[in-house]
Amino acid sequence: MKKHPLYGLIAEFESPEALLEAAHGARAGGYRRLDAFTPMPIEGLAEAVGFEKTRLPLAVLIGGICGCIGGFLLQYYPSVMDYPLNIGGKPFNSWPAFVPVTFEMTILAAALTTVFGMLAMNGLPTPYHPVFNVPEFELASRNRFFLCIKARDPQFDLEKTKQFLKDLKAREVYEVES
Amino acid sequence: MAEAHAAQREPAIAGNKTPADVTREICAVLDRKPSGLWWAGLLFALSLLLTGGAAVTYEIQTGIGTWGLNRTVGWAFDITNFVFWIGIGHAGTLISAILFLFRQRWRTSVNRSAEAMTIFAVTCAGMFPIIHMGRPWLAYWIFPYPNFRGPLWINFRSPLAWDAFAIGTYFTISLLFWYLGMLPDLATVRDRAKPGLKKALTGFLSLSWNGSVHTWQRYETVYLLLAGLATPLVISVHTIVSWDFATAVIPGWHATIFPPYFVAGAIFSGMAMVLTLMIVARKTMRLEDYITVRHVEVMAKLVLATGGMVALAYLTEFFIAFYSDNPYEQFVILNRMRGPFAWAFWTMFSCNVLVPQALWFRRVRTNLGAVFAISILVNVGMWFERFVIIVTSIHRDYLPSSWGSYAPTLIEILTLAGSFGLFLTLFLLFIRFVPVIAIAEVKGALSRAGGHRELSEARKPEGVRIAERETVLGGVRT
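A brief structural summary. (Residues numbered from 1 in each chain as written. Chains lettered and ligands numbered in written order. Predicted model: local features only at pLDDT ≥ 70, side-chain atom pairs only at ≥ 80, totals over all residues. Heavy atoms only, no water.)

1. Section: the pairing of strand 2 (residues 34-37) of chain A
All names here are of chain A.
- Side chains L34 and A36 of strand 2 all project onto a buried face; the interleaved residues D35 and F37 project onto the opposite face, where all are buried too.
- The pairing of strand 2 with strand 3 (residues 145-150) spans four bridges and is classified as antiparallel. Counterpart to D35 in the pairing with strand 3 is C148. (Buried < 20%, exposed > 50% of the residue type's maximum accessible area, 1.4 Å probe, protein only. Helix = DSSP H or I, 4+ residues; strand = E, 2+ residues; numbered from the N terminus. Pairing = 2+ DSSP bridges.)

2. Quick word on the packing of aromatic side chains
All names here are of chain B.
- On inspection of all chains with the given rule, the structure shows 44 aromatic pairs over all chains.
- A centroid spacing of 5.6 Å and a plane angle of 80° characterise the contact between F258 and Y261, whose relative ring orientation is edge-to-face. Taken together, the residues span about one helical turn, with F258 and Y261 both in helix 9 (residues 258-284) at a distance of three residues.
- Judged by its relative accessible area of 0%, F258 is buried.
- Classification of Y261 by relative accessible area gives buried; the value is 3%.
- Here F341 and F387 contribute two aromatic rings whose centre-to-centre distance is 5.9 Å and whose plane-to-plane angle is 75°, an arrangement assigned as edge-to-face. Taken together, the positions of F341 in the loop between helix 11 (327-338) and helix 12 (342-354) and F387 in helix 14 (residues 368-395) put the pair 46 residues apart, joining distant regions of the chain.
- Relative accessible area serves as the criterion here: at 4%, F387 is assigned to the buried category. (Phe/Tyr/Trp six-rings, centres within 6.5 Å; stacked < 30°, edge-to-face > 60°.)

3. A short note on a nonpolar patch on the surface
Residues and elements named next belong to chain A.
- The grouping of L58, L61, I62, I65, I69 and L73 at the surface amounts to a nonpolar patch, some 580 Å² of accessible area in total.
- Tracing the sequence through the fold places I62 in helix 3 (residues 56-82).
- Accessibility expressed as a relative area gives 46% for I62, which makes it partly exposed. (Patch = residues over 30% accessible without salt bridge, like charges linked within 9 Å, V, L, I, M, F, W, Y side chains within 5 Å. Areas by Shrake-Rupley, 256 points an atom, 1.4 Å probe, with all protein chains shown as cover. Salt bridge = Lys/Arg side-chain N within 4 Å of Asp/Glu carboxyl O.)

Right, dumping it as C-alpha cells:
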C-alpha cells in the first residue's frame, strides 16, 4: 500500500456522549480504522471503536508463575545445593520458610510484567505521533474528545469522510499530517 | 442500584466543576509562585533533614556505640522508627489499591498524595535497618547473588532476609503504581506548558501519552491488575515485619496474633498520617473543593474502625497472657503496665484506644481542627506502640541477671527528627512539582461516564448504560 501523505482526519467533540455517539456512527458508517483520544477513560468507548480485549492479563499470569518458580529456586539452589548449612536442625529444603520470599518474588515479577507489558503493548514511549501535529490536540488532555479516522481505512476519502464527520456533529474537523 | 445509592450521597467533588475547571485549578498550584508558608515549611523540613544527616554521619563514622543500645536491649529506637514508617506507608496502598477494588470513588481526591506518602515513608523506613547494620556500605550483602566470598549465601530462613525482599518489592511496586497513575496528568501538564524546559521534561516523563482509547483500555486493565497485586502485597509486608518479632522466643513478641495486629495498626497509623497531611494540604494549597469535609469524615471512620481492631488486639494480648497461665507472658504484660516504661505504655493506650473514640461523634469527625489533633495523637500513640513492643519485651526477659534498661541518646533522637525532615522535604517538593490530585481520575469521577469501570457496569447492555449515563450527566455537566 502506498504511503498516504495524510495520517487521517480528526474530529473534535465537546462531551463524552457526543464522542460515543459519533464513534458508534462511524462504525455503523462502515469505518474500521478508528481511534479516539480523551482526557479520561470513557465507559464503552473501546467497544465502540472496535477494540478487542487486551491479552495483558495472560502475560501477567505467566510473569507471576515465572517469579514464583524463580523465587523458590533462588532459595532452593543455595540452601540445598550450593551452600547447605545446618540451621537449627532444619532440613536443607525447609520450604515453609521459603514461602515469604517466593510470594514476594511472584508479586514483583507479575507487577513488573504488568507495567512494562502495558508500555510495550501501547508502544510507549513513542517520541513521535502524528496526532500531535494538530495544535488543537493539546485539548485532548484537558476537556475535548477526539475521534480519528485513519487514512489507512479502505473507505477513507478526504472530502467524503470530512463531510461524514461533520454530519456526526463534530465541533471541528482537522486534517492530521503524517 | 449502585447509581441510586450514589446519588443520595454528597458528591465527592464540590462546586459543580467541569473537566476544564479541574485541569485549571489543579495545575494552577504548579504554575503560581509557592506561598511563604510553603517556603517556611521547606526551610523547617530541610533543617531537620540536615540535623538528621549530621547525626547519621557521626554515627556511621563512630559506630553504633553512639546509640543507647546495650547487650540486653539490642533493638530500640532505630527499629521502632523502621516499623513506624513502614506502617505509615500502608495507608497509601490501602487507598490506592484496596479502596479501588472496593470501588470507593471518593478516593480519587486523596490517592495521589497518599501514594506519594507511601513512597516517602518507605524511603524513610528503609534507611533505618541500613544504618543499624553499622557498616551500611555493606548493606547489599543482604541480597543473594553469586559472589567470591565463598560462595556465601544468606540464610533464607531468617525473617530479616524476608524483610529485605518484602520492602524492596513494596517500594518498587508503590513507585510504579504511582508513576503509572501519573502518566495522564503529566500529559496534561505537558499540553498546557509553553515550549521550554517544563514542556520538554513533562513530555519526556509522560512517555508521549496521547490519551488514545487503546492506551486507556490497557491502562485501566493495568490499574486493576496492579491493585489486585498490591493488596496481598501490602498485607504481606507488615506480616513479614511482624515476623521479625513473632518468630523470636521472647515473651511479648512470640505471638500468633502479631500479623493481623500489625497490619491493622499500620493502616490505623497511616490513615492518621494521611489525615494530618490532607488537612494541611487542603488549607495551604486551596484545595477545599477537592478534599472536602466528606473525605475527612470517611477517613476518620477508617481510623475509628482500624483503631477498634488495634484495641481488640491489645485486649487479646492481655487475655491470652493470663489465660495461657504462662508466667513469662504475664510478667511482660504487668511489667509494661507498671514497670519502668509504664509511661510509654499508658501514652500508647490513651492515644490509640481512648482518643479515637471521640470519632464516634459526627460533630468531631466534621470538625477539622479536632480531627487534625486526633490524627497527631494517633501517630504519637502508634510510635509508642512499637517502642513498647520492642523495648519492654527485651529489657527484662527470662534471666533477671541480664535485665537492663534503655534510654535514647541525642544522636538517636536527631536521627528520628531527620527522618521526619526527609519525609516532609519530599512531600513539600511533591506538592509543588506534581499535580497533587489525580486529574484524569477526578474528571472520571465527575462525569461518572468515565473513571475506572464499575465491574458490574461492563456487563449491562449498551442501551441501559447510555440511558443511565445521560440521567447522571444531566445534572453535573454545564
